[in-house]
Amino acid sequence: PFEDTCPHYKEITSLPYAEGYRSALAGETFGFINGCFDPLHVGHIWLLNKARTYCDHLWVGMNSDYYIRNNKSKPNGEAFIPQMGRVYSLLSLEAVTGVHVFNSNNCGSVISTLKPDVYIRSKEYQKYVEVECPTASYAANNMSEENWAASNVGAHTEYVDMLPGYSSTSLLEKLSQSDKLDDIL
């Protein structure tokens with residue numbers, strides 16, 4: 001169904017498209033944030049709205065279905081919301097200017113290519129800032145590479161508080177423990 005409403009999906013989520021958009025900006029700040037956004041929920045929307053306050057244009061780096069299938073512990077290994085649905089949902093938000101879908105474990109190379117003025121992270125990732133890549137855990141290695149890339153292109157990194165009680169983890173735990181929608185909302 002999304003192909004009818006977004007026929008240029010592959011083009012507008014490509015890195016060359018994002019790079020072209022970025023290079024056309026003059027005097028306006030370009031922000032970048034990344035994640036799976038699966039399932040997209042009020043905590044994500046809160047984070048994206050807060051992120052947009054740091055920039056004129058907010059680009060989202062979104063992990064692909066391929067990444068989720070190979071790196072996240074989801075039922076059947078699949079995304080709850082397929083990639084195209086997540087892109088469609090993100091692009092429907094006023095705070096989001098554009099979306100780039102990527103397959104890798106981190107978006108360091110995307111940050112290096114797009115050269116954002118500001119890189120926005122959830123505050124939960126701030127603990128990885130001081131970690132050195134060679135001795136760090138898998139997650140810390142990826143965060144360090146992204147932080148390094150942001151620093152290398154001169155991006156200022158902002159850490160944004162999450163909306164309490166609305167993380168993907170807490171939402172999925174509630175879903176697994178309840179069969180009634182009223183218990184979740």
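As shown above, the structure is provided for reference.
What counts and how
- Residues numbered from 1 in each chain as written.
- Predicted model: local features only at pLDDT ≥ 70, side-chain atom pairs only at ≥ 80, totals over all residues.
- Heavy atoms only, no water.
- Core = buried A, V, L, I, M, F, W, Y, C linked by side-chain atoms within 4.5 Å.
- Buried < 20%, exposed > 50% of the residue type's maximum accessible area, 1.4 Å probe, protein only.
- Contact = heavy atoms within 4.5 Å.
- Helix = DSSP H or I, 4+ residues; strand = E, 2+ residues; numbered from the N terminus.
- Polar contact = N/O pair within 3.5 Å; in protein donor to acceptor, adjacent residues only side chain to side chain.
- Phe/Tyr/Trp six-rings, centres within 6.5 Å; stacked < 30°, edge-to-face > 60°.
- Pairing = 2+ DSSP bridges.
- Axes fitted to C-alpha atoms, helices over the stretch in contact; angles between N-to-C directions.

Looking now at the nonpolar core. Of all hydrophobic cores here, the largest spans 20 residues; its most connected members are Ile 33, Leu 48, Val 60, Met 62, Leu 90 and Val 99. With sequence-adjacent residues up to four places away left out, Leu 48 is seen in contact with Ile 33, Phe 37, Leu 58, Val 60, Leu 90, Leu 93, Ala 95 and Val 96. The next biggest cluster of nonpolar side chains, apart from the first, holds 14 residues, and it includes Leu 25, Phe 32, Trp 59 and Leu 114.

Residue placement: Arg 22 occurs in helix H3 (residues 15–23). Classification of Arg 22 by relative accessible area gives buried; the value is 17%. In this structure the side chain of Arg 22 is engaged in a polar contact, spanning 3.2 Å, whose partner is the backbone oxygen of Leu 114. With sequence-adjacent residues up to four places away left out, Arg 22 is seen in contact with Phe 30, Leu 114, Lys 115, Pro 116 and Asp 117.

Our next topic: the packing of aromatic side chains. A full pass over the atoms with the stated rule returns four aromatic pairs. Plain terms: the ring middles of Tyr 21 and Trp 59 are 5.0 Å apart, the flat faces sit at 45 degrees to each other, and that makes the pair tilted. Of the two residues, Tyr 21 is situated in helix H3 and Trp 59 in strand S2 (residues 57–63); the sequence distance between them amounts to 38 residues. Ring geometry for Phe 32 and Tyr 119: centres 6.2 Å apart, planes at 25 degrees, overall stacked. Of this pair, Phe 32 sits in strand S1 (residues 30–35) while Tyr 119 sits in strand S4 (residues 118–122), and the two are 87 residues apart along the sequence. As far as the burial class goes, Phe 32 and Tyr 119 line up, both buried. Three or more aromatic residues joined by ring pairs make a cluster, and in this case those are Tyr 17, Tyr 21, Phe 30 and Trp 59.

Moving on, we come to the sheet that holds strand S3 (residues 98–102). Strand order in this open sheet of five strands is S3-S2-S1-S4-S5, and the pairing throughout is parallel. Of all the strands in the sheet, the pair left with one neighbour each is S3 and strand S5 (156–160). Here the average twist between neighbouring strands, direction ignored, is 25 degrees. Pairing analysis gives six bridges linking S1 to S2, with the strands arranged parallel. Residue pairing in the sheet places Gly 31 in a bridge with Leu 58 of S2. With respect to the sheet, helix H4 (residues 42–52) is in contact with S1, S2, S4 and S5, its orientation differing from that of S2 by roughly 140 degrees.

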